[in-house]
Amino acid sequence: MSLKPNIKPFTIITCQKYKNEGRKITCLTAYDYSTAKFIDESGIDIILVGDSLSMVALGHSTTHSVTMDEMIHHTKAVARGVKNSLIVADMPFMSYQIDESTAVNNAGRFLKEANAQAVKLEGGSKRITDTVKHCVEAGIPVLGHLGFTPQFLYTLGGYNIQGKNVEATEQILEQALALQESGAFGVVLEMIPEESAKLITESLSIPTIGIGAGRFCSGQILVIDDILGKFTDFTPKFARKYVDLASIIKKAVSEYKEDIISGDFPSASEVFNLGDEELIKLANLDIKK
Ligand code: KIV
């Protein structure tokens, strides 16, 4: 058992410091041990175990399907690979909407069982900001999430840009201020015009993390499978693809298949061999057939 407290070099305090200094905060999602390890080693500040796990890693058609236990399972795997990045776990659909004690209890599970250092939840209604307050009072740092909030997919009528006029921008700003007031350490702004995100970022003292929210947020987040070109069901306009992993994986797998069929794999250098003495015994073995 480790006696070292689970304090990573990048904390919610560093996050605020970056905002104050105008230094960009870098974030990515992760869902498994090895990917999280590479992201951490690459120096990304925040790793979100997003409920996008539901779609990109588990193959569901929305984020609604992922369960608390699945989120805990994947957060544990991510945490095992991370030394420096702040780990934020996404509260899945219906894990915080029913009542406050269930919400705080579920949020606490991420810190207690899965080694996360913070949770994220969607929305900015009074009910949500009250929940944020209770979590923060219990010692659970919370990242808010406004704009397009995938758990409200059916309420929003699809993958639509939010805050498209001044009135809608004002509503998001009000909710962001309420989240700040409730003690959230930051707010994710998803799929809103960059002018709206700029206004919100400048109006808040806490950092904003943008995803499809333009250039002026305090930091940026994308889904790891999108930047690696590994999730091919759809690609949002804002998701920049840095590598086409889908093609690389398919090429490698096809070559492997061909090598097996042709007898090229395994080669002599990829097998285990008996020693000389055992080889002689093997040759003289009298097998009764
Ligand atoms: O689940 C997720 O991946 C998110 C985004 C903000 C990246 O919530």
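Residues numbered from 1 in each chain as written. Predicted model: local features only at pLDDT ≥ 70, side-chain atom pairs only at ≥ 80, totals over all residues. Heavy atoms only, no water.

## Concerning the layout of surface pockets
Rolling a probe over the atoms, with the probe sized like a water molecule, indicates the empty space that remains.
Thinking step 1. In this model, the largest pocket occupies a volume close to 460 Å³.
Thinking step 2. Lining the largest pocket are 27 residues, and of these Ser52, Pro150, Glu190, Ile211 and Val223 lie nearest its centre.
Thinking step 3. When residues of the lining of the largest pocket are traced back to their parent elements, those giving at least two are α3 (53-56), β6 (186-190) and β8 (219-222).
Thinking step 4. Residues of the lining of the largest pocket, tallied by class, amount to 16 nonpolar, five polar and six charged. (1 Å grid on protein atoms, 1.4 Å probe; cavity = no way out; pocket = protein on both sides within 12 Å on 5 of 7 lines; lining within 4 Å. Points joined across faces, edges and corners; volume = space filled by probe spheres on them. Helix = DSSP H or I, 4+ residues; strand = E, 2+ residues; numbered from the N terminus. Nonpolar A, V, L, I, M, F, W, Y, C, P; charged D, E, K, R; others polar.)

## Looking at the domain arrangement of the chain
Thinking step 1. For the chain, the assigned domains read domain 1 (12-245) and domain 2 (248-283).
Thinking step 2. Summarising the inter-unit geometry, the C-alpha centres of domain 1 and domain 2 are found 45 Å apart. (Domains from an automatic or database assignment.)

## So, the site of the ligand
Thinking step 1. In the vicinity of the ligand, the residues found are Thr29, Leu48, Gly50, Asp51, Ser52, Asp90, Lys120, His145, Val188, Ile211 and Val223.
Thinking step 2. Between the ligand and Asp90, the relevant distance is 3.2 Å, taken from an oxygen atom to a side-chain nitrogen or oxygen of the residue.
Thinking step 3. At a separation of 3.0 Å, an oxygen atom of the ligand approaches a polar side-chain atom of Lys120.
Thinking step 4. Bound to the protein, the ligand loses 96% of the 250 Å² it would expose on its own.
Thinking step 5. Applying the majority rule of atoms within 2 Å of the grid points places the ligand in the largest pocket.
Thinking step 6. Residues of the shell around the ligand, tallied by class, amount to four nonpolar, four polar and three charged. (Near = heavy atom within 4 Å. Polar contact = N/O pair within 3.5 Å; in protein donor to acceptor, adjacent residues only side chain to side chain. Areas by Shrake-Rupley, 256 points an atom, 1.4 Å probe, with all protein chains shown as cover. Sits in = over half its atoms within 2 Å of the grid points.)

## Some remarks on the pattern of salt bridges
Thinking step 1. Throughout the structure, instances matching the rule amount to eleven salt bridges.
Thinking step 2. Salt-bridge contacts for Glu194 lead to Arg215; the nearest nitrogen and oxygen are separated by 2.4 Å. Separated by 21 residues along the polypeptide, Glu194 in helix α9 (residues 194-203) and Arg215 in the loop between β7 (208-211) and β8 bring together distant segments of the chain.
Thinking step 3. A salt bridge links Lys230 to Asp225; its shortest N-O distance comes to 3.5 Å.
Thinking step 4. Taken together, the salt bridges that share partners define one network made up of Asp69, Arg109 and Glu113. (Salt bridge = Lys/Arg side-chain N within 4 Å of Asp/Glu carboxyl O.)

## Quick look at the packing of aromatic side chains
Ring pairs (aromatic) are described by centroid distance and by the angle formed between their planes.
Thinking step 1. Tallied over the full model, the rule gives five aromatic pairs.
Thinking step 2. Seen in terms of ring centroids, Phe148 and Tyr159 are 5.4 Å apart; in terms of plane orientation they differ by 40 degrees. Their pairing is tilted. Of the two residues, Phe148 is situated in the loop between β5 (142-147) and α7 (153-156) and Tyr159 in the loop between α7 and α8 (166-181); the sequence distance between them amounts to eleven residues.
Thinking step 3. On the basis of relative accessibility, which here comes to 1%, the residue Phe148 falls in the buried class.
Thinking step 4. Overall, Tyr159 belongs to the partly exposed group, its relative accessible area being 42%.
Thinking step 5. Joined through ring pairs, the aromatic side chains of Phe148, Tyr159, Phe231 and Phe234 make up one cluster.
Thinking step 6. Lys198 extends its terminal NZ or CZ atom over the ring of Phe216, reaching a point 5.6 Å from the ring centre. (Phe/Tyr/Trp six-rings, centres within 6.5 Å; stacked < 30°, edge-to-face > 60°. Buried < 20%, exposed > 50% of the residue type's maximum accessible area, 1.4 Å probe, protein only. Lys NZ or Arg CZ within 6 Å of the ring centre and 35° of its normal.)

## Concerning the sheet that holds strand β1 (residues 25-29)
What links the strands of a sheet is backbone hydrogen bonding, and the strands pair in either a parallel or an antiparallel sense.
Thinking step 1. If you walk around this closed barrel you meet the eight strands as β1-β2-β3-β4-β5-β6-β7-β8, and the pairing is parallel. Within the sheet, the average angular offset between the axes of one strand and its neighbour, ignoring direction, is 25 degrees.
Thinking step 2. Note: strand β3 (residues 86-90) against strand β4 (residues 118-120), three bridges, orientation parallel. The residue of β4 that forms the bridge with Val88 is Ala118.
Thinking step 3. On top of the sheet, helix α5 (residues 100-112) reaches β3 and β4; it is set at about 135 degrees to β4, its chief contact. (Pairing = 2+ DSSP bridges. Axes fitted to C-alpha atoms, helices over the stretch in contact; angles between N-to-C directions. Contact = heavy atoms within 4.5 Å.)

## A short note on the pairing of β6
Thinking step 1. In terms of burial, β6 is largely enclosed, as five of its five residues are buried.
Thinking step 2. Burial of the side chains of β6 extends over both faces: Gly186, Val188 and Glu190 are buried on one face and Val187 and Leu189 on the other.
Thinking step 3. The pairing of β5 with β6 spans five bridges and is parallel. Counterpart to Leu143 in the pairing with β6 is Gly186.
Thinking step 4. Two elements, β6 and β7, share four bridges in a ladder whose sense is parallel. Note that in β7 the partner of Leu189 across the bridge is Gly210.
Thinking step 5. In terms of handedness, the path from β6 via α9 over to β7 forms a crossover that is right-handed. (Right-handed = clockwise from strand over helix to strand, strands pointing away.)

## Examining the pairing of β7
Thinking step 1. Neither face of β7 is open: one carries Thr208 and Gly210, the other Ile209 and Ile211, and all of them are buried.
Thinking step 2. In this sheet, β8 lies alongside β7 in parallel orientation, the contact comprising two bridges. Across the sheet, Gly210 pairs through a bridge with Gln220, a residue of β8.

## Comments concerning the packing of helix α2 (residues 33-41) against helix α4 (residues 68-81)
Thinking step 1. The geometry of α2 relative to α4 is characterised by a closest axis approach of 7 Å and an angle of 40 degrees between their N-to-C directions. As far as their axial angle goes, α4 and α2 are oblique. α4 is crossed by α2, and the crossing has right-handed handedness. Here Tyr33, Ala36, Lys37 and Asp40 of α2 lie close against α4, whose contacting residues are Ala77, Val78, Arg80 and Gly81.
Thinking step 2. Per-class residue counts for the contact of α2 with α4 are four nonpolar, one polar and three charged. (Parallel < 35°, antiparallel > 145°, perpendicular 65-115°, else oblique. Left-handed = near helix turned anticlockwise from the far one by under 90°.)

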